[in-house]
Amino acid sequence: MDIRPILSTLRRHKTAAALIVLEIALTCAIVCNALFLVSQRIEKISLPSGIAENELVMVRVSGIGKQTNAMARTREDLAALRALPGAKAVTVINQLPFRNSSSNSSISRKQEQERPTTSVSLYMLSEDGLRTMGMNLVAGRDFQPSEYLDLDDVMKGAGRDQAVPVIINQAVAAKMAPDGNALGQTYYMGRQPLHVIGIIDHLATPTGWNNNRVESMIMPARAAFGSGIYMLRTDPARRDEVLKGALAALERNDPNRLVREKLSYEDQRKDFFKNDLAMVGLLVTVCVALLVVTALGIVGLASFWVQQRSKQIGIRRALGATRGQILRYFQTENFLLATVGIVLGMLAAYAINLALMNQYELPRMPLAYLPIGAVLLWLLGQAAVFGPARRAAAVPPAVATRGT
Amino acid sequence: MLAYYARLAIRSFRRNKVLTALMVVAIALGIGASMTTLTVFHVLSGDPIPGKSDRLFYVQVDPRPRSGYVAGEEPETQLTRFDAETLLRGRHAERQAMMSGGAATIEPENANLKPFSVDTRWTSADFFPMFEVPMQYGRPWTREDDEGRARVAVISRMLNDKLFNGADSVGRELHVNGHVLRIVGVLRDWKPQPSFFDLTLGSFGRDEDIIAPISTALELELGSNGNMNCFGENPNDDSYAVNAPCAWIQYWAEMDPSKADEYRQYLVNYSNQQREGGRFERPANVRLRNVMDWLDFNGAVPSDVRLQMWLALGFLVVCLINTVGLLLAKFLRRSGEIGVRRALGASRGQIFLQCLVEAGAVGVVGGLLGLVLAALGLYAVRQQPVEYATLAHLDGSMLLLALGMTLLASLAAGFLPAWRAMQVTPAIQLKSQ
């Protein structure tokens, strides 16, 4: 189709054409970046934790006043929890993936190293920990019963003279031993030697503190109730029942305690990401609103143009133009405007992305988002102009013979 | 004349009901979204202690060991107990306070109430005059109480309502973690937002119900909440010990802003002394930031909120461009009519005014509707699971801004179309009729 007549018509409506181009450009730029932000958030929300999420429930209690023998009470609690019908395995842990509160430590290949090799999140588990949490050992072995210590004793210096057995995840193994033989190595946490006895496939860090979302290490240390969280593994269908049973059992052991947290791990995870989820909802809403406003703008402007040019259309029809040709005229016009808008919009999208990268430590937007935005706006433009264009095509040739 | 233009505008709207509605809704959506996010931003970036924020300074020194030292790096965020206590004894500023967040379990005397846990603040006596903490009953404790580790506490109005039904509880006892504290004061409602004096526990939404001397809290081993960063070898394994290499205390000093440089030098001298004494290993690295700088440095306004604001403003611009385009097309389509009016003697100014009235009406109606949407939007924000949710309210200054924005939006939307409309040449229009 010859686009010269279209261009010469547009030249007579420079301002209006420029405005619609600008609108399309801005919409394109904002939508590209918003979609990119949405994908970033979704990636964050859907990070794997590395534990048996839908089979776990958690309870944290705390005592009143200073606890003189918290560890003994913790042992009683664990025994009572293990005896619960429906509880497949029970452990006490110091922290969880996707929960606010994390313990972190730097580890080094050599003791005399000036800067540590990496920073890991430090998990501490009691007996049966790996099985309870559903962590997946890919090399080496689990901790042996004799290797578990009380966290209080560890803090007071127990076991400081010998290497502590640790299990690391594959992310840490790759960082510490790029050649792949981390198993059996001795590493250092300050002056404390660590002996790698096992490797699990994956274990997310609690908060992503210090930009570390995946590097985790596990030590065989029992946290006492208060700071520790009781974890119970059960059938997904029996979680409520087991949670209720656990609360009753803990109440029986010591009625003088406060229940600080009691929920399924799935709820814990949902709670942690609720802000991100809300942001995704907001971004998507704004994108939809932008596209709708732009589409209505195109409809409005095209309708005006069709009304304004109805006489001209009638003349063309009278001179032999088919309905299809009139329809295509308006579709092509819209395509041209959208294309100019999209080109400008992509430049703007890139600029906005650069600004966001500076402000929010966002990665560079993959170029794939640009064609997505382009196609979206082309389709939007065509859909929006179709109605007015069809009305234009329906203008009877007789209009040409009438006065105004 | 204006009334006549208004009648013309209404007639014009009637002719294009759908289109007029579209323009109004677009402006309303834009204004509504922008006002919602701007209000949230305004609330979160506000000065928590107006009139005093330039007199209060957050103090940082760097007690960390030599290893891992990077020149030009920020010093440790908080102070160790040793440094905080030494600086506090030095009393070099007009007022100074050390503090940390904490938590405690209260056992009410009233047997109907079960024991419950509250957030607390452990601090020193100057905290109250420094941060202008308002008292309902009684008075704060004194510096002597700090030194004597007095078993005293100031409680919040909410806690006082819960435990003592709002009566004057000064002199009554408070059972905290198995210890007894004597109530010396009750606060009036006091909740600076953001809670600038301690940003380690989240900037918004935390209620602290007990304020007690930090010396007492340390003696009774009541613990702390917040960040604690330990470095180096700990001689006796107690992170709260005087000599523990653990930074967990926030330290504020009040002084005239003109004295800040001198105080900074005092901190440098202190660091050098500590280095000579062997406690510090790094070159002196100190910071002294006033309240607004400290908030800014810590990014107290969540980055999501900034992002939302820019997103909404972008949305508003698109909505305005949309309206400008539609108005322009609408006016120019009436070129014939305008040509006739010009030929009959209307001046360009009159055409301009007529179009502006029509555009302005769209803008004003859209803006007012936008305010309603903003109120709805803020209601939606308050339902969100975010810690600043309860703060999202329109205040006077935001209402003024909203009205200004509405006016500006309508003028911006109307100006260009009206300008173009008044330049319609009557002769050509009349000929083409």
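Residues numbered from 1 in each chain as written. Chains lettered and ligands numbered in written order. Predicted model: local features only at pLDDT ≥ 70, side-chain atom pairs only at ≥ 80, totals over all residues.

1. Structural notes on the overall build of chain B
Counting its regular elements, chain B contains 14 helices and 12 strands. For chain B, whose C-alpha radius of gyration is 31 Å, the value lies well above the compact-globule estimate of 22 Å for 433 residues. With respect to the principal axes defined by its C-alpha atoms, chain B has extents near 100 × 60 × 35 Å. Relative to its 433 residues, chain B shows a buried fraction of 43%. In chain B, once contacts between residues fewer than 6 apart in sequence are set aside, the share between residues at least 24 apart is 79%. (Helix = DSSP H or I, 4+ residues; strand = E, 2+ residues; numbered from the N terminus. Rg over C-alpha atoms; globule rule 2.2 N^0.38 Å. Buried ≥ 20, exposed ≤ 12 C-beta atoms within 10 Å, placed from the backbone. Contact = placed C-beta atoms within 7 Å.)

2. Some thoughts on the overall build of chain A
Scanning chain A from N- to C-terminus turns up 12 helices and 13 strands. Since a compact globule built from 404 residues should have a radius of gyration of about 22 Å, the 32 Å found for chain A marks it as more spread out than a globular shape. Dimensions of chain A, computed from C-alpha atoms along their principal axes, come out at roughly 100 × 50 × 35 Å. Residue burial in chain A is summarised as follows: out of 404 residues, 42% are buried. For chain A, the share of sequence-separated contacts (at least 6 apart) that also reach a separation of at least 24 residues comes to 85%.

3. Structural notes on the interface of chain B and chain A
On the chain A side, the residues contacting the 37 residues of chain B number 38 residues. For the side of chain B that touches chain A, the elements supplying multiple residues, two or more each, are α2 (17-44) and α10 (303-333) of chain B. Here the element with the most residues in the side of chain B that touches chain A is α10(B); it accounts for 18 residues. Of the residues contributing to the side of chain B that touches chain A, the split by class is 17 nonpolar, 13 polar and 7 charged. (Nonpolar A, V, L, I, M, F, W, Y, C, P; charged D, E, K, R; others polar.)

4. A closer look at the environment of Leu159(B)
Residue and element names in this part refer to chain B. Within the element layout of this structure, Leu159 appears in helix α6 (residues 157-164). Judged by the 23 C-beta atoms lying within 10 Å of it, Leu159 falls in the buried class. Residues Leu159 and Val118 lie 41 residues apart in sequence; the distance between their C-alpha atoms is 8.9 Å. Setting aside chain neighbours within four positions, we find Leu159 in contact with Val118, Asp209 and Ile210.

5. Points about the environment of Met155(A)
Residue and element names in this part refer to chain A. Among the secondary structure elements, Met155 is positioned in helix α5 (residues 151-155). In this structure Met155 comes out as partly exposed when scored by C-beta crowding, with 13 C-beta atoms within 10 Å. For Met155 and Arg131, which are 24 residues apart along the polypeptide, the C-alpha to C-alpha distance reads 25 Å.

6. Considering the pairing of strand β4 (residues 116-123) of chain B
Sheet topology places strand β3 (residues 95-106) of chain B next to β4(B); 8 bridges connect them, and they run antiparallel. Bridge assignment links Gly102(B) to a residue of β4(B), and that residue is Thr120(B). (Pairing = 2+ DSSP bridges.)

7. Here's the deal with the domain arrangement of chain B
All names here are of chain B. The domain architecture assigned to chain B consists of domain 1 (2-45 + 302-432) and domain 2 (56-297). Taking only C-alpha atoms into account, the centre of domain 1 sits 51 Å from that of domain 2. Listed per partner, the contact involves 5 residues of domain 1 and 5 residues of domain 2. Classifying every residue of the side of domain 1 that touches domain 2 gives 3 nonpolar, 1 polar and 1 charged. (Domains from an automatic or database assignment.)

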